[in-house]
Amino acid sequence: MSGSSVTGAPIPGRRITVRVVVAGDRGTGKSSLIAAAASERFPESVSPVLPPTRLPADYYPDAVPVTIIDTASSLEGKAKLEEELKRADAVVLTYACDKPETLSRLQTFWIPEVRRLKVKAPVIVVGCKLDLRDEHYPASLEQVMAPIMQQFREIETCIECSAANLVQVPEVFYYAQKAVLHPTAPLFDQESQTLRPRCIRALKRIFILCDQDMDGALNDSELNEFQVKCFNAPLQPAEIVGVKRVVQEKVPEGVNDLGLTLTGFLFLHALFIEKGRLETTWTVLRKFGYNDDIELRKENLPVPSKRAPDQSVELTNEALDFLMGIFSLFDSNNDGALQDSELNELFSTAPESPWDEAPYKNSVERTESGDIRLSAFLSQWALMTLLNPAKSLAYLIYLGYTNDPATALRVTRKRTIDVKKQQSDRHVFQCFVFGPKNAGKSSLLSSFVGRPSQNSHGSSSYQSYTVNTVDQLRGTKKTLILHEILEDDVKQFLSSKESLAACDVAVFVYDSSDEYSLKRASEFLMDVARRGEDTGYGVPCLFVAAKDDLGSYPMATRDSEAVIICRELKIDAPICISVKKREMNNIFWRIVNAAERCHLSVPETEYGKNMKQYRRIVNRSLVFASVGAAAAVAALAAYRAYASRKSHSAS
């Protein structure tokens, strides 16, 4: 494996220009350095601050032009300096080799200033005026900079130069360009001298894709194909032998009888990076679709972007078949469930496991031993696809989905059309769960995935989802996603015009033993009903009387009030449940059924009735007006015909 043909090759995903900002104390040689790089000679005189200077694309082997921005170190230029630093792709900080105090200023002012401004660009430290250094100054660059680089990890490279003698002047901006085009930090941990986990995962995926016979090693033919794909040049037989020899000497398990193993493949990339040939590894990553964060580039993810707010995204049967195959492949003990270790291995070719944090963590049902069955695995994917289609598609590709990415996702029909057709074509439904505190919302969500209830009232930004499959009539299954909306968040949530667009059905939970709980739940029901009428995104609604096992205020009063509310809004009577007693009254089947029959159980308020009546009157008036206009036109036409005949007879 060689990177010798990288030079000048167009690399997909790589930036087309690099902006380098030069900063440092007055008199450290910033402007002279820039002028010498641009003209390849030392300027006799130079302006205090140069205008932007461009090094053309053919100046360096990577064929990417560099724009150099000079800055003033005066107080008057501070605002401009800060603006430029924030826009920088790379920052060059200068000190004067004949003035040790300017080096100290890098530590006490300049690098802390870059940090204060939250500049994420790599930093190149440059010692200018090397020709003026005191000959008796004993310290080498390595001795001086080692502790500074240890303290400030954002420093990519240190170099000394002389603009007067044209010593290492082009190298300054070459290293700055290289730090942008081929950054070290995402690939390699300088402290531990090892590849970073995300880099290892990406290289593992690339290795598996290139291992066409799936024997765990790259044979000579596969190595050659890899070389041609990445570097547009084949390896000679002697070069392949040489590569294997280098690997085998350092890592015996890196080569076996079948070829180069994953261990050997990773070793080679670590070796390239240690020798400063980061462009080799970056070329490989970019050829396989990765960006600078070692994630798949978004432009390679054809996620349907033109969709209405009330349309959702689901996995196609093709994608589901692929996932079922992946599940079986990693179910090493064939017990029908994935252990955490198997799940981690399944995602070992992705940047990280996508389900370790909210909203995915604890969102699906697990076995008593904590394993995840196929139905829960697919449910988790359904949730990720609904909430973040681009992420879902990217992870399908990380796992080895090699079909056309456009075949993995489908956009559902608009829900407003479903209402007109009185049926839904969706396989995944999202239910918003409203209700006051302590009404039993969290218990409802937890019971859906068979886990104990969890208190969720600690954070105002709390987002809780649970997802599972629900058996329907005729043996079909639908995926149901429950999304809890906290009481304190309801007002802000409903302030958005499209707040209900993603909702297929809404549930309003109240504590049947608490009069106030019923009152608050009915207020939320009314708010949602009105919002649906205002925006056109009305949703089927169900009223749920939770904690049915508890004693209550007079039951007749409670039941009659709840029934009256439902009757007035033209929705089904309250559904009584008890999570504690596991008497769920087919609640989840009822939720899915309401979502499928999306034209029913949509609440209608007095405001909505009045608006509907007003629209009918307006439409009727328009019809009368159009009929009247048509009659007037007909009368006018008849009169003109009569007048024309009369005129002809008179003549």
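The coordinates are above.
So, here's what we can say about the structure. (Residues numbered from 1 in each chain as written. Predicted model: local features only at pLDDT ≥ 70, side-chain atom pairs only at ≥ 80, totals over all residues. Heavy atoms only, no water.)

Considerations on the overall build of the protein
- When you go through the protein residue by residue, the secondary structure sums to 21 helices and 21 strands.
- In the protein, the share of contacts with a sequence separation of at least 24, taken over all contacts with a separation of at least 6, comes to 71%.
- Accessible surface computed for the protein: about 32,100 Å², of which carbon and sulfur atoms make up 52%. (Helix = DSSP H or I, 4+ residues; strand = E, 2+ residues; numbered from the N terminus. Contact = heavy atoms within 4.5 Å. Areas by Shrake-Rupley, 256 points an atom, 1.4 Å probe, with all protein chains shown as cover.)

Focus: the packing of helix 1 (residues 30-39) against helix 5 (residues 169-181)
- Put simply, helix 1 and helix 5 touch, their axes get as near as 8 Å, and they point 95° apart. On the basis of their axis angle, the class for helix 1 and helix 5 is roughly perpendicular. Contacts between helix 1 and helix 5 involve Leu-33, Ile-34, Ala-36 and Ala-37 on the former and, on the latter, Val-169, Val-172 and Phe-173.
- Residues of the contact of helix 1 with helix 5, tallied by class, amount to seven nonpolar, no polar and no charged. (Axes fitted to C-alpha atoms, helices over the stretch in contact; angles between N-to-C directions. Parallel < 35°, antiparallel > 145°, perpendicular 65-115°, else oblique. Nonpolar A, V, L, I, M, F, W, Y, C, P; charged D, E, K, R; others polar.)

Some words on the pairing of strand 6 (residues 155-160)
- For strand 6, the buried fraction is high: five of the six residues fall into the buried class.
- Note that strand 5 (residues 123-128) and strand 6 share five bridges and pair parallel. Bridging across to strand 6, Val-123 finds its partner in Ile-155. (Buried < 20%, exposed > 50% of the residue type's maximum accessible area, 1.4 Å probe, protein only. Pairing = 2+ DSSP bridges.)

Thoughts on the environment of Ile-485
- One can find Ile-485 in the loop between strand 18 (477-484) and helix 17 (490-494).
- Given the relative accessible area of 4%, Ile-485 is considered buried.
- In this structure, the C-alpha to C-alpha distance between Ile-485 and Val-433, residues 52 residues apart in sequence, is 5.9 Å.
- Once you skip the residues sitting within four places of it in the chain, Ile-485 turns out to touch Phe-432, Val-433, Phe-434, Lys-441, Val-490 and Phe-493.

Brief notes about the packing of helix 13 (residues 374-387) against helix 14 (residues 389-398)
- Relative to each other, helix 13 and helix 14 sit at 130°, their axes nearing to 5 Å. Overall, the two elements helix 13 and helix 14 adopt an arrangement that is oblique. Contacts between helix 13 and helix 14 involve Trp-381, Met-384, Thr-385, Leu-386 and Leu-387 on the former and, on the latter, Pro-389, Lys-391, Ser-392, Tyr-395 and Leu-396.
- For the contact of helix 13 with helix 14, the class distribution of residues is seven nonpolar, two polar and one charged.

Thoughts on the nonpolar core
- Leu-187, Ile-206, Leu-285, Tyr-290, Phe-377, Trp-381 and Leu-396 are the most contacted members of the largest nonpolar core, which has 76 residues in total.
- Setting aside anything within four residues of it in sequence, one finds Leu-187 in contact with Thr-194, Leu-195, Arg-196, Cys-199, Ile-273, Leu-278, Thr-281, Trp-282, Leu-285 and Ile-294.
- Judged by nonpolar contacts, the second largest core, of 29 residues, contains Val-66, Ile-124, Cys-128 and Ile-159. (Core = buried A, V, L, I, M, F, W, Y, C linked by side-chain atoms within 4.5 Å.)

Some remarks on the sheet that holds strand 11 (residues 259-261)
- Strand order in this open sheet of three strands is 9-11-10, and the pairing throughout is antiparallel. The strands lining the two open edges of the sheet, one partner per strand, are strand 9 (217-218) and strand 10 (255-256).
- Relative to strand 11, strand 9 runs antiparallel, the two being bridged by two bridges. The residue of strand 11 that forms the bridge with Ala-217 is Thr-261.
- Taken strand by strand, helix 9 (residues 262-274) contacts strand 9 and strand 11, and its axis lies near 75° from that of strand 11.

Structural notes on the packing of aromatic side chains
- Using the criterion set out here, one finds 22 aromatic pairs in the structure.
- Ring centres of Tyr-290 and Tyr-398 lie 6.5 Å apart, and the angle between their planes is 20°; this geometry places the pair in the stacked category. One end of the pair, Tyr-290, is in the loop between helix 10 (278-287) and strand 12 (313-315); the other, Tyr-398, is in helix 14, and 108 residues separate them in sequence. In terms of burial, Tyr-290 and Tyr-398 fall into one category: buried.
- Taken together, Tyr-290, Phe-327, Phe-347, Trp-355, Phe-377, Trp-381, Tyr-395 and Tyr-398 form an aromatic cluster joined through their ring pairs.
- For the cation-ring pair, Lys-229 lies above Phe-288, with the distance from its terminal atom to the ring centre recorded as 4.9 Å. (Phe/Tyr/Trp six-rings, centres within 6.5 Å; stacked < 30°, edge-to-face > 60°. Lys NZ or Arg CZ within 6 Å of the ring centre and 35° of its normal.)

Structural notes on the pairing of strand 16 (residues 428-434)
- In terms of burial, strand 16 is largely enclosed, as seven of its seven residues are buried.
- Both strand 16 and strand 18 contribute to a ladder of six bridges, which runs parallel. Opposite Gln-430, over in strand 18, you have Ile-481 as the bridge partner.
- Bridge analysis of strand 16 against strand 19 (residues 505-511) gives four bridges, and the strand direction is parallel. Bridge assignment links Phe-434 to a residue of strand 19, and that residue is Phe-508.

A look at unusual backbone geometry
- The linkage connecting Ala-358 with the following residue, Pro-359, adopts the cis geometry, with an omega of 5°.
- In this structure, Pro-359 sits in the loop between helix 12 (340-346) and strand 14 (372-373).
- One non-glycine residue, Ala-63, lies in positive phi territory at about 60°.
- Its relative accessible area of 39% is what places Ala-63 among the partly exposed residues.
- Phi at Asn-362 is positive, roughly 65°, even though this residue is not glycine.
- Note that Asn-362 resides in the loop between helix 12 and strand 14.
- Under the relative-accessibility criterion, Asn-362 is labelled partly exposed at 43%.

Description of the pattern of salt bridges
- On inspection of all chains with the given rule, the structure shows 32 salt bridges.
- With its nearest N and O atoms 2.6 Å apart, the salt bridge here joins Arg-413 to Asp-418.
- With relative accessibility at 1%, the residue Asp-418 sits in the buried group.
- The residue Arg-520 makes a salt bridge to Glu-487 at a minimum N-O spacing of 3.1 Å. (Salt bridge = Lys/Arg side-chain N within 4 Å of Asp/Glu carboxyl O.)

A short note on the sheet that holds strand 17 (residues 464-471)
- Judged by pairing direction, the sheet is mixed, and its six strands sit side by side in the order 17-18-16-19-20-21 without closing on themselves. Either end of the sheet is taken by a strand with one partner, and the two such strands are strand 17 and strand 21 (575-576).
- When strand 19 meets strand 20 (residues 541-546), the two strands line up parallel, connected through six bridges. Note on strand 20: the bridge partner recorded for Phe-508 is Phe-543.
- Each of strand 16, strand 17 and strand 18 is contacted by helix 13, which is oriented at about 125° to strand 17, the strand it contacts most.

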